[in-house]
Amino acid sequence: MDDLKGKVALVTGASRGLGEGAARELAARGASVMLVARDGAAVAAVAQGIGERAAAEALDVSDYAAVERVVGATRSRFGALDILVNNAGVIEPIAAIATSDPAAWARNIQINLIGAYNVVRAVLPGMLAGGAGTIIDVSSGAAYRPLEGWSAYCSGKAGLAMLTNAIALETAGQGIRVFGFSPGTIDTEMQVKIRASGMNVISKIPRGDLLPVAHAVRGLVYLCTPAADDLHGTDASMRDDAFRARIGL
Ligand code: NAP
């Protein structure tokens, strides 16, 4: 299928897990894809495996100047950006609020919320100038439900859900499609860290009960297509039966 032929996508956190899967599928559907993560070697290896439609840059999304440079490099390499997959995220610190490390707590927000804002801030002027663009903020059930030991993660994802709403409000009528996307509990390295913590109910889910990354990739890439236009401004969730039915799962 080449329904995304000619589109240009930026995927953050593309070195593994959901971001890697999304980058691979976007490229398989015809898009040109810039993959970014802090580990430049890991993300370059994924891009190399995809081939000429992919490129990679080392990037920490919490560094706004670096984000701007990479967005510029993406434009120079592939042309104007059509799709942002705002996926980079960390679970740490997993700790009770009373004993948590303030610096680690702030670092989580710096990546999961401010990092996501940074990338939106850097891509949005170009999308608005072109009168089109798709932004997918990777959300979580944790945005809506507190879980013990995850105060930073839950707070950051809740903030990100509000950022998604704010983008929808401020760009209304200007050709921008924006979605939250909750992937469900999927089998990635993040879940390895969660299981190792032993903290809260999510850590007790056996690996065999986690959802495959490929299912979430299907949902995420569906949001990049016109079929999802009516979901603009919502948080599409893989836990939602109606959404799963729409994507054939
Ligand atoms: P993962 O396997 O740990 O992958 C996270 C990715 O983000 C990696 O590529 C990582 O690469 C990158 N990253 C982390 N910090 C970064 C930073 N400061 N700048 C740039 N890239 C950064 O996690 P995942 O499960 O695929 O998670 C992907 C997204 O889905 C996250 O937003 C997560 O919160 C969300 N989510 C996951 C689940 C789940 O069950 N797994 C459930 C709900 C939501 P580097 O470390 O090299 O930077």
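Numbers given for residues are sequential positions, taken from 1 along each chain in its written order. Local features in this predicted model are restricted to residues of pLDDT 70 or higher, and side-chain atom pairs are both shown and tallied only at a pLDDT of 80 or more, whereas totals for entire chains, interfaces and linings draw on every residue. To get the side-chain values, take all heavy atoms of the structure and skip hydrogens and water.

(A) Summary view of the site of the ligand. Around the ligand, a shell composed of 30 residues is seen, among which Ser15, Asn87, Tyr153, Thr188 and Gln191 lie nearest. Here Val61 contributes a backbone N or O atom positioned 3.0 Å from a nitrogen atom of the ligand. Relative to its unbound accessible area of 880 Å², the ligand is 96% covered by the protein chains. Buried and open spaces are told apart on a 1 Å grid over the protein atoms alone, a cavity being a set of points where a 1.4 Å probe fits but cannot get out and a pocket being an open set with protein on both sides within 12 Å along at least five of seven lines. Residues with an atom within 4 Å of a point are the lining residues. Occupancy of a cavity or pocket is assigned to a molecule whenever over half of its atoms lie within 2 Å of that pocket's grid points. More than half of the atoms belonging to the ligand lie within 2 Å of the grid points that define the largest pocket. Strands are runs of DSSP state E lasting at least two residues, helices are runs of H or I lasting at least four, and both sets are numbered from the N terminus onward. Elements represented by at least two residues in the shell around the ligand include exactly helix H1 (17-28), helix H5 (151-170) and helix H6 (189-197). Among the elements that line the shell around the ligand, the one with the most residues is H6, at 3 residues. Amino acid classes used here: Ala, Val, Leu, Ile, Met, Phe, Trp, Tyr, Cys and Pro are nonpolar; Asp, Glu, Lys and Arg are charged; the rest, including Gly, are polar. Taken together, the residues of the shell around the ligand break down into 13 nonpolar, 11 polar and 6 charged. If a single non-hydrogen atom of a residue is within 4 Å of a molecule or strand, that residue counts as near it. Counting of polar contacts relies on pairs of N or O atoms within 3.5 Å, with two restrictions inside protein: one atom must be capable of donating a hydrogen and the other of accepting it, and residues adjacent in sequence are counted only when both atoms are side-chain atoms. For the accessible areas, the method is Shrake-Rupley and the probe is 1.4 Å, while residue cover comes only from the protein chains on display.

(B) The side chain of Arg177, seen in detail. Its place among the elements puts Arg177 in strand S6 (residues 176-182). A polar contact is formed between the side chain of Arg177 and the backbone oxygen of Thr225, at a distance of 2.6 Å. Here the side chain of Arg177 touches Asp229 through a polar contact of 2.7 Å, side chain to side chain. We call two residues contacting when some pair of their heavy atoms lies within 4.5 Å. Not counting residues within four places of it along the chain, the set of residues in contact with Arg177 comprises Gly133, Thr134, Ile135, Leu223, Cys224, Thr225, Pro226, Ala228, Asp229 and His232.

(C) Fine view of the layout of surface pockets. Grid points are joined across faces, edges and corners, and a volume is the space filled by probe spheres set on the points. One number sums up the size of the largest pocket: a volume of about 930 Å³. Every residue lining the largest pocket is counted, 48 residues in all, and those nearest its centre are Asn87, Gly89, Tyr153, Thr188 and Met190. Elements with a contribution of two residues or more to the lining of the largest pocket: H1, strand S2 (32-37), H5, H6 and strand S7 (235-237). Counting residues per element, the lining of the largest pocket draws most heavily on H6, at 5 residues. The residue makeup of the lining of the largest pocket, split by class, is 21 nonpolar, 16 polar and 11 charged.

Remember, this is a structural readout, not a statement about activity or role.
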